[in-house]
Amino acid sequence: ETGVTQSPTHLIKTRGQQVTLRCSSQSGHNTVSWYQQALGQGPQFIFQYYREEENGRGNFPPRFSGLQFPNYSSELNVNALELDDSALYLCASRLSVSGGEPKNIQYFGAGTRLSVL
Amino acid sequence: KNQVEQSPQSLIILEGKNCTLQCNYTVSPFSNLRWYKQDTGRGPVSLTIMTFSENTKSNGRYTATLDADTKQSSLHITASQLSDSASYICVVSEGGGFKTIFGAGTRLFVKA
């Protein structure tokens, strides 16, 4: 077990709906990153939060947004769902001094499998 | 464009045999390279992490190598076990920032 928990494990939504995915970081970790992993592909970086602020973002549209709370848990919100949003969404946490590049180990959750119909 | 390419895409080996997985990258500037193991339906688990100055790192039966000049890395698995069946993902971090680029992974099947 990595100490990173994600909920729900599976989710089915329809096109146009909104979804919120949740992540509880490993205790003491102040940095959380979210990734989208399509079937058979490697994870794609969505964004990263460090001490409650977004400090990095990949090539994802603004309808992908997030939050990090004072206890360092995190949410990923996706609005106006599209069929291509169907994927495994992974959350990873780590302890960072400055929120910069991940020189230390990231611990991943098991992911949330989102299906958009 | 920063990229990470892995080969082979998939591999089948017999239990007890060794295998080597390859990772080529074009990420620049380079910060570090990590290998992860991802079991089906689970999140990736870190195996090794190497910075520019490190050219080999071991974790049990897993040994990773890094050639920063040719921008190549390999993951060698010794005496494979059935539980080694998984996807192995190479991840390269960009220096000076937080951007990480994941390879598509190599799917390893270990057969009895």
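The following paragraphs examine the structure supplied in this document. Please read these numbers as outputs of a predicted model, since none were measured by experiment. (Residues numbered from 1 in each chain as written. Chains lettered and ligands numbered in written order. Predicted model: local features only at pLDDT ≥ 70, side-chain atom pairs only at ≥ 80, totals over all residues. Heavy atoms only, no water.)

**Describing unusual backbone geometry**
Then, number 1: The omega torsion of the bond from A:Ser7 to A:Pro8 falls at -10 degrees, within 30 degrees of zero and hence cis.
Then, number 2: The step from B:Ser7 to B:Pro8 runs through a cis peptide bond, and the omega angle for that step is -10 degrees.
Then, number 3: You can see B:Pro8 is positioned in the loop between strand S1 (4-7) and strand S2 (10-14).
Then, number 4: Although it is not a glycine, A:Glu52 sits at a positive phi angle of roughly 75 degrees. (Helix = DSSP H or I, 4+ residues; strand = E, 2+ residues; numbered from the N terminus.)

**Quick word on the environment of A:Leu117**
Residue and element names in this part refer to chain A.
Then, number 1: On the secondary structure map, Leu117 appears in the segment after strand S11 (112-116).
Then, number 2: In the structure, Leu117 is positioned 48 residues away from Phe69 in sequence and 30 Å away in space, judged by C-alpha atoms.
Then, number 3: Discounting chain neighbours no more than four positions away, the residues touching Leu117 are Ile12, Lys13, Thr14, Arg15 and Leu83. (Contact = heavy atoms within 4.5 Å.)

**A word on the pairing of S11(A)**
Residue and element names in this part refer to chain A.
Then, number 1: Of the two faces of S11, only the one carrying Thr112, Leu114 and Val116 is buried; Arg113 and Ser115 on the other face are not.
Then, number 2: Pairing between strand S2 (residues 10-13) and S11: four bridges, direction parallel. Residue pairing in the sheet places His10 in a bridge with Arg113 of S11.
Then, number 3: Pairing between strand S9 (residues 87-94) and S11: three bridges, direction antiparallel. Looking across to S11, one finds that Leu88 is bridged to Arg113. (Buried < 20%, exposed > 50% of the residue type's maximum accessible area, 1.4 Å probe, protein only. Pairing = 2+ DSSP bridges.)

**Here we look at the pattern of salt bridges**
Residues and elements named next belong to chain A.
Then, number 1: With the rule as written, the count across this model stands at six salt bridges over all chains.
Then, number 2: When the shortest N-O distance is used, the salt bridge between Glu54 and Arg57 registers 3.3 Å.
Then, number 3: The exposure class of Arg57 is partly exposed, given its relative accessible area of 30%.
Then, number 4: When the shortest N-O distance is used, the salt bridge between Asp85 and Arg63 registers 2.8 Å. Taken together, the positions of Asp85 in the loop between strand S8 (74-78) and S9 and Arg63 in the loop between strand S6 (53-57) and strand S7 (64-68) put the pair 22 residues apart, joining distant regions of the chain. (Salt bridge = Lys/Arg side-chain N within 4 Å of Asp/Glu carboxyl O.)

**Quick look at the sheet that holds S7(A)**
All names here are of chain A.
Then, number 1: What the four strands build is an open sheet, ordered S1-S3-S8-S7; its pairing is antiparallel. Of all strands in the sheet, those with a lone pairing partner are strand S1 (5-7) and S7, marking the two edges. Averaged over all pairs of adjacent strands, the angle between their axes in this sheet comes to 20 degrees, without regard to strand direction.
Then, number 2: Looking at chain direction, strand S3 (residues 19-24) and S8 are connected through five bridges and run antiparallel. Looking at the pairing, Arg22 lines up with Glu75 of S8. (Axes fitted to C-alpha atoms, helices over the stretch in contact; angles between N-to-C directions.)

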